[in-house]
Amino acid sequence: MIVVSGIQPTGNLHLGNYLGAIRQWVAMQDAMQADDTCLFFLADLHALTQPLVPAELAANTIEMAATLIACGVDPDRAILFNQARVPEHSELAWLLGGTARVGWLNRMTQWKDKAGKNREGQSVGLFTYPVLQAADVLLYRATHVPVGDDQKQHLELARDIATKFNTDFAVELFPQPEPYISPAAPRIMSLRDGAAKMSKSDPSDASRINLIDDDDTIAQKLRRAKTDPEPLPDDPAALAGRPEAQNLVTIYAALARQTGEQVLATFAGKGFGQFKPALADLAVAELSPIRARLTQLLGDRAEVGALLAQGAARARTLAAPTLLAAQRASGLQI
Ligand code: ADP
């Protein structure tokens, strides 16, 4: 298995990112067999497609790398790097730009959503973003790509690009990357509104638990989380129509590595006055060591940068033969 996954270095990671994405990376890394490779990268090149503050991008890249390491990504086992330090990503993206069709990109729903009515005013990079994404995975001849629902269409596009490139140039260079949707990846909702995703862009800080929140803040946010007056049921199906209650049970289950049934077996008949303090204790126990490690890592940003540089060097070793083969296939190299 060759697993490749990226995340934009946006800063301020929250519990949703941790339970929905980062912990899946750590699980994949921990499940690696001797012949497997996990590549995790900070998608700083993708960040260029939206308005940006250069100093913030640089700081976010280091902070995000530190957060991933604090959450359990092990730079000795997984290959952790930032995309910009591996120029093969950009080079392959340009080659694949000759293969991808404008019509394919026009159909991308994320492009339509992000561009809205102002397509003409968007960066070219936002439009060709999925081509860079295809390069990100095809460069390592990835077999498995962990993706959320919103990225499935881009992975389909990567598969189409791989097929067309192989066919056009009569090579068998790129294998078809398979989506890897972890059964354990929960979707965490806002603490203020069970219908909205927990997100860093929510204006209310009380809606999310940030990985940098201290113990008291975590406990306070969970105590004040929106709920309803009913006690918890004994059957998960009975949580339908109670999105806030459902969300807190989901968070508890994910943190305790239990199923919803197991959580309800413990708390059925109890009200949130009892459930919330238990949830707060659990969240603090899980997040407090992560925060401590993160604080320590952020005390030595140069060291985090050095770890990223080592990761980039390892990634380049794997990327170079694929890029060379793609250049040969396209007639750019003899
Ligand atoms: P945000 O919504 O805070 O901007 P991103 O879009 O940057 O987060 O997502 C980064 C990663 O974290 C993605 O893999 C995404 O699927 C995951 N993620 C983000 N928010 C949540 C959430 N509320 N629940 C589960 N996973 C999430």
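Here is what the cut-offs are and how they apply
Residues numbered from 1 in each chain as written. Predicted model: local features only at pLDDT ≥ 70, side-chain atom pairs only at ≥ 80, totals over all residues. Heavy atoms only, no water. Core = buried A, V, L, I, M, F, W, Y, C linked by side-chain atoms within 4.5 Å. Buried < 20%, exposed > 50% of the residue type's maximum accessible area, 1.4 Å probe, protein only. Helix = DSSP H or I, 4+ residues; strand = E, 2+ residues; numbered from the N terminus. Domains from an automatic or database assignment. Contact = heavy atoms within 4.5 Å. Buried area = accessible area lost by both parts, 1.4 Å probe. Salt bridge = Lys/Arg side-chain N within 4 Å of Asp/Glu carboxyl O. Near = heavy atom within 4 Å. Polar contact = N/O pair within 3.5 Å; in protein donor to acceptor, adjacent residues only side chain to side chain. Areas by Shrake-Rupley, 256 points an atom, 1.4 Å probe, with all protein chains shown as cover. Nonpolar A, V, L, I, M, F, W, Y, C, P; charged D, E, K, R; others polar. Phe/Tyr/Trp six-rings, centres within 6.5 Å; stacked < 30°, edge-to-face > 60°. Lys NZ or Arg CZ within 6 Å of the ring centre and 35° of its normal. Pairing = 2+ DSSP bridges. Right-handed = clockwise from strand over helix to strand, strands pointing away. Arc of directions from axis to C-beta.

S.K.: What's the story with the nonpolar core in this structure? I'm lost.
M.R.: A general feature of soluble globular proteins is that nonpolar side chains tend to end up buried together. Ranked by internal contacts, the top residues of the largest apolar core, which has 59 residues, are L15, Y18, L222, L248 and F275. The dominant element in this core, judged by the number of residues it contributes, is helix α12 (residues 272–298), at 10 residues. Mapping this core onto the domain boundaries places at least three of its residues in each of domain 1 (2–186 + 300–329) and domain 2 (205–296). L222 has contacts with L191, I209, L248, K276, L279, A280 and A283, leaving out every residue within four places of it along the chain. Counting 45 residues, the second-largest nonpolar core is a separate cluster that includes L39, L95, A142 and L173.

S.K.: How do you make sense of the domain arrangement of the protein when you look at a structure like this?
M.R.: Often the size quoted for an interface is simply the accessible area lost on bringing the parts together. What the domain assignment lists for the protein is domain 1 (2–186 + 300–329) and domain 2 (205–296). Using C-alpha coordinates to define each centre, domain 1 is positioned 31 Å away from domain 2. Listed as interface residues are 15 residues of domain 1 and, on the opposing side, 16 residues of domain 2. When the two sides are added together, the surface that domain 1 and domain 2 hide from each other amounts to roughly 1300 Å², 68% of it contributed by carbon and sulfur. For the pair domain 1 and domain 2, the interface holds 1 salt bridge.

S.K.: What is the right way to read the site of the ligand from this model?
M.R.: Inspection of the region around the ligand gives 13 residues, with H14, I188, K197, M198 and K200 positioned closest. Here a nitrogen atom of the ligand and a backbone polar atom of G16 are 3.2 Å apart. Interatomic distance of 2.6 Å between a backbone N/O atom of I188 and a nitrogen atom of the ligand. Look at the ligand: alone it shows 540 Å² of surface, and the protein chains cover 75% of it. Counted by class, the shell around the ligand contains 5 nonpolar, 5 polar and 3 charged residues.

S.K.: Got a minute to help me understand the environment of T295 in this structure?
M.R.: You can see T295 is positioned in helix α12. Between the alpha carbons of T295 and E63 there is a distance of 9.9 Å; along the sequence they are 232 residues apart.

S.K.: Is there a simple way to explain the packing of aromatic side chains in this structure?
M.R.: Aromatic ring pairs are described here by two measures, namely the spacing of the ring centres and the angle between the planes. Enumeration according to the criterion identifies 10 aromatic pairs in this entry. Taken together, a centroid distance of 4.9 Å and an interplanar angle of 85 degrees make the contact between F267 and F275 edge-to-face. When sorted by exposure, F267 lands in the same class as F275, which is buried. A ring pair is formed by F272 and F275, whose centres lie 6.2 Å apart and whose planes are at 80 degrees; its orientation type is edge-to-face. With F272 and F275 both in helix α12 and 3 residues apart, the pair spans about one turn of that helix. Overall, the relative accessible area of 0% leaves F275 in the buried class. The ring centre of Y129 lies 5.3 Å from the NZ or CZ of K114, which sits over that ring.

S.K.: What exactly am I supposed to notice about the pattern of salt bridges here?
M.R.: Charged atoms that come close allow side chains of opposite charge to pair. Evaluation of the coordinates by the stated rule reveals 13 salt bridges. The shortest N-O distance in the salt bridge between E286 and R23 comes to 3.2 Å. Taken together, the residues E286 in helix α12 and R23 in helix α1 (residues 15–30) connect sequence positions 263 residues apart. Grouping residues by exposure puts E286 and R23 together as buried. Measuring nitrogen to oxygen at the nearest pair gives 3.7 Å for the salt bridge that ties R159 to E178. Of this pair, R159 sits in helix α8 (residues 152–168) while E178 sits in strand β5 (residues 178–180); the two residues are 19 residues apart in sequence, bridging distant segments of the chain. The exposure class assigned to R159 is buried, which follows from its relative accessible area of 18%.

S.K.: What am I meant to see in the pairing of strand β2 (residues 37–42) here?
M.R.: A regular strand places its side chains on the two faces of the sheet in alternate fashion. Most of β2 sits out of view: 5 of its 6 residues are buried. As paired strands, strand β1 (residues 2–7) and β2 are joined by 6 bridges and run parallel to one another. Following the sheet pairing, S5 is matched in β2 by F40. The parallel pair β1 and β2 is bridged by α1, and the resulting crossover is right-handed. By the bridge criterion, 4 bridges tie β2 to strand β3 (residues 79–82) in an arrangement that is parallel. Across the sheet, F40 pairs through a bridge with L80, a residue of β3.

S.K.: For this particular structure, what's the right way to read helix α4 (residues 88–97)?
M.R.: Because an α-helix completes one turn every 3.6 residues, residues spaced three or four positions apart along the sequence face the same direction. Buried residues of α4: E88, H89, L92, A93, L95 and L96, and no others. Projected down its long axis, α4 shows its buried positions confined to an angular sector of 160 degrees, all on one face. Where α4 is buried, its residues contact α2 (44–47), β3, α7 (124–138), α8 and α13 (301–330).

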